[in-house]
Structures are given as C-alpha cells and as structure tokens.
Amino acid sequence: NVGSAVGASTATPPELIRDAMQQLVRIHNTKFDPNDPRVRKSHLRDWVGMRTLSESTAAWVAHWLTWVRANQPRPSPLTARLTEWLRANVPASDEPPSLLHGDFGLHNILVENGKISAVLDWEYLIIGDPAEDLAMFTISLGGQMSKEEVVKLYVECGGRPISEYRLLYFDLVYALKFIVPCENGLRLYQDNPEASIGLCKWGFTYTIAGVG
C-alpha cells in the first residue's frame, strides 16, 4: 500500500488519486437488492431499510454511542461532548444512502504499476452517507488535497455533490472513530502488564490524529 490512515508514505501521483476516486464512486454506485438472501444474512440487513442519508447517519451515530457506553464507563469529557454534538447535529438530507466501504484510504488500497490492484479491509462496509468515505480518504491524503479539491474530483468522477457541512460532520465522526478504540488500546496496556506496548504507540499516534 502507499500510506497509513493519516498520511501518504510518499507524494501520491494525481493519476493514482483519480484512480482511487473512480474506485470509490464505483463502490458508492453499486446497486444491490435489499431482499437478496445474501444481504439478509449479512450485517447490512440492519441498514437496507434506511431511506435517507439523515436516517442512516443518525442510526450510525447511535451505533457508536452504544459502543462508547458499553466500552467506556467513564468516557472523557471531550468524547462525551463530541458524541452528544454528533447526535444533535445530524445533517439534514433526503438523498438515498449509498453502499460505503467505511475505511477507504491509502492504507487500504494496493497499487501495482501505478494503478490500484485491490481495495482491502471491508469489515466497516455499511449503507450510509458517501461523505463518510470522502472524509476518511481526505484524512489519508495527509494534506495533499483540500476538502474542496477532493469533493470536486469526486463529482468529476461521477459522484453526487456533497455539502461542506456533511464533509465537516464526518470529520468529527472520524475523530470519534479514532479516539474511542485508541483510548481503549491505552487502557488495555495500562490494565494488563503483559499487553503489547504496540497498543500504546497505536493509541497515542491515532488519538492525536483523530483530535487534529
């Protein structure tokens, strides 16, 4: 691959960024039958009934709130404030949800001869707002492109227009998605002397990236 979740390992050629965006648009434009038995047997069965982006986003944030409460009996004030803000400020949109990768970035693509040969790591696959994937992709570029440039390229490649507010909102969703597991990683190392010190490094690195 060509980077981590928070930045590229080297300068990313514009052609490769465009290729990645075209792959992302293909994912978002993927059609599926909500009544397909394979869909019904998967975790997507809980999401196929969502009719609007607002509905799917509210459900996704509620999912994370449940996760926080179950795993962090005493969340930090910052985490608590962030989760409450996300719940109260879901973007209003009647657009239909799309299939999302859920963790699309330079860290989850393989490149061969300057072209993407595979997209990896599909366990976050969900149905929701394409702004979520764009927010993650922008983070993974590590400042090589602005949010405005990323959205412009996305639309050029066939994606639907995305408001600045939706993109900023999912920046905060990703802050939560970084902070929560990293705080848990730090706590696991603190509570268990035999735990890998890698949990500590991972926790500090990505918590800071998420807050930033």
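Further up the page is the structure itself.
About the thresholds
- Residues numbered from 1 in each chain as written.
- Predicted model: local features only at pLDDT ≥ 70, side-chain atom pairs only at ≥ 80, totals over all residues.
- Heavy atoms only, no water.
- Helix = DSSP H or I, 4+ residues; strand = E, 2+ residues; numbered from the N terminus.
- Rg over C-alpha atoms; globule rule 2.2 N^0.38 Å.
- Contact = heavy atoms within 4.5 Å.
- Areas by Shrake-Rupley, 256 points an atom, 1.4 Å probe, with all protein chains shown as cover.
- Core = buried A, V, L, I, M, F, W, Y, C linked by side-chain atoms within 4.5 Å.
- Buried < 20%, exposed > 50% of the residue type's maximum accessible area, 1.4 Å probe, protein only.
- Phe/Tyr/Trp six-rings, centres within 6.5 Å; stacked < 30°, edge-to-face > 60°.
- Polar contact = N/O pair within 3.5 Å; in protein donor to acceptor, adjacent residues only side chain to side chain.
- Expected span 1.5 Å × (residues − 1).
- Salt bridge = Lys/Arg side-chain N within 4 Å of Asp/Glu carboxyl O.
- 1 Å grid on protein atoms, 1.4 Å probe; cavity = no way out; pocket = protein on both sides within 12 Å on 5 of 7 lines; lining within 4 Å.
- Points joined across faces, edges and corners; volume = space filled by probe spheres on them.
- Nonpolar A, V, L, I, M, F, W, Y, C, P; charged D, E, K, R; others polar.

Asks: Help me understand the overall build of the protein chain in this model?
Replies: A count of helices and strands for the protein chain gives 8 helices and 6 strands. Whereas a compact globule of 212 residues would reach a radius of gyration of roughly 17 Å, the protein chain reaches 17 Å, a difference of no more than 12%. Counting only C-alpha atoms, the protein chain reaches 50 × 40 × 35 Å along its principal axes. At a minimum sequence separation of 6, the contacts of the protein chain that also span at least 24 residues come to 75%. Approximately 11300 Å² of the protein chain is accessible, and the part contributed by carbon and sulfur atoms is 56%.

Asks: Any chance you could explain the nonpolar core here in plain terms?
Replies: Burial of nonpolar side chains together is a common tendency in soluble globular proteins. The biggest cluster of nonpolar side chains holds 52 residues, and the ones touching the most others in it are Met21, Phe104, Leu134 and Phe137. With 9 residues, the top contributor of residues to this core is helix H7 (residues 164-191). In contact with methionine 21, other than residues within four places in its own chain, are Leu134, Phe137, Val150, Leu153, Tyr154 and Cys157.

Asks: Just to check I follow, could you spell out the packing of aromatic side chains for this structure?
Replies: The geometry of an aromatic ring pair is captured by two quantities: the separation of the ring centres and the angle between the planes. Applying the stated criterion across every chain, the model contains 6 aromatic pairs. Between phenylalanine 104 and phenylalanine 137, the ring centres sit 5.7 Å apart and the planes meet at 45 degrees, which makes this aromatic pair tilted. Taken together, the residues phenylalanine 104 in the loop between strand E3 (98-100) and strand E4 (109-112) and phenylalanine 137 in helix H5 (residues 130-140) connect sequence positions 33 residues apart. We classify phenylalanine 104 as buried; its relative accessible area is 1%. The buried category is assigned to phenylalanine 137, whose relative accessible area is 0%. Judged by centre distance (6.4 Å) and plane angle (45 degrees), the rings of tyrosine 165 and tyrosine 169 are tilted. In this pair, tyrosine 165 and tyrosine 169 are both assigned in helix H7, 4 residues apart and thus about one turn of the helix distant. Using a relative accessible area of 1% as the deciding quantity, one classes tyrosine 169 as buried. An aromatic cluster is built from Trp85, Tyr165, Tyr169 and Phe170, whose rings are joined through pairwise contacts.

Asks: So what exactly am I meant to see when it comes to H5 here?
Replies: Since the α-helix advances by 3.6 residues per turn, residues separated by three or four positions end up pointing in the same direction. Most of H5 sits out of view: 10 of its 11 residues are buried. Burial in H5 covers these residues: Pro130, Ala131, Glu132, Asp133, Leu134, Ala135, Met136, Phe137, Thr138 and Ser140. Where H5 begins, one side-chain oxygen reaches toward the backbone nitrogen of alanine 131, 2.9 Å away; that side chain belongs to aspartate 129. Two residues or fewer past H5, glycine 142 is found with a positive phi of approximately 65 degrees.

Asks: Sorry, what's going on with helix H4 (residues 77-88) here?
Replies: In a regular helix each residue adds 1.5 Å, so 12 residues correspond to 16 Å; H4 covers 17 Å between its end C-alpha atoms and thus fits that length. Against helix H3 (53-71) and H7 lie the buried residues of H4.

Asks: Looking at this structure, I do not really get the pattern of salt bridges. What am I missing?
Replies: Note that side chains of opposite charge can pair when their charged atoms are close. This model, assessed by the stated rule, comprises 8 salt bridges. Here arginine 38 makes a salt bridge to aspartate 36, at a shortest N to O gap of 2.9 Å. Among the residues examined, arginine 38 registers a relative accessible area of 67% and is labelled exposed. Under the relative-accessibility criterion, aspartate 36 is labelled buried at 18%. Between arginine 166 and aspartate 129 there is a salt bridge; the shortest N-O distance is 2.6 Å. With a gap of 37 residues between them, arginine 166 in helix H7 and aspartate 129 in the loop between strand E6 (126-128) and H5 connect regions that are remote in the sequence. Note on accessibility: arginine 166 and aspartate 129 belong to one class, buried. It is possible to trace a salt-bridge network through shared partners that takes in Glu95, Asp129, Arg160 and Arg166.

Asks: Can you help me understand empty space enclosed by the protein in this one?
Replies: Rolling a probe over the atoms, with the probe sized like a water molecule, indicates the empty space that remains. One pass over the structure, following the stated rule, counts 2 cavities of 30 Å³ or more. Empty space within the largest cavity amounts to approximately 40 Å³. Forming the walls of the largest cavity are Ser56, Thr57, Trp60, Leu100, Ile126, Ile127, Gly128, Asp129, Glu132 and Phe170. Elements represented by at least two residues in the lining of the largest cavity include exactly H3 and E6. Its residues assigned to classes, the lining of the largest cavity comprises 5 nonpolar, 3 polar and 2 charged. Roughly 30 Å³ of volume is contained in the second largest cavity. Taken together, Trp60, Val61, Trp64, Leu86, Val173 and Leu176 make up the full set of residues lining the second largest cavity. Of all elements in the fold, only H3 and H7 reach the threshold of two or more residues within the lining of the second largest cavity. In terms of residues, the lining of the second largest cavity owes the most to one element, H3, which gives 3 residues. Across the lining of the second largest cavity, the residue classes break down as 6 nonpolar, no polar and no charged.

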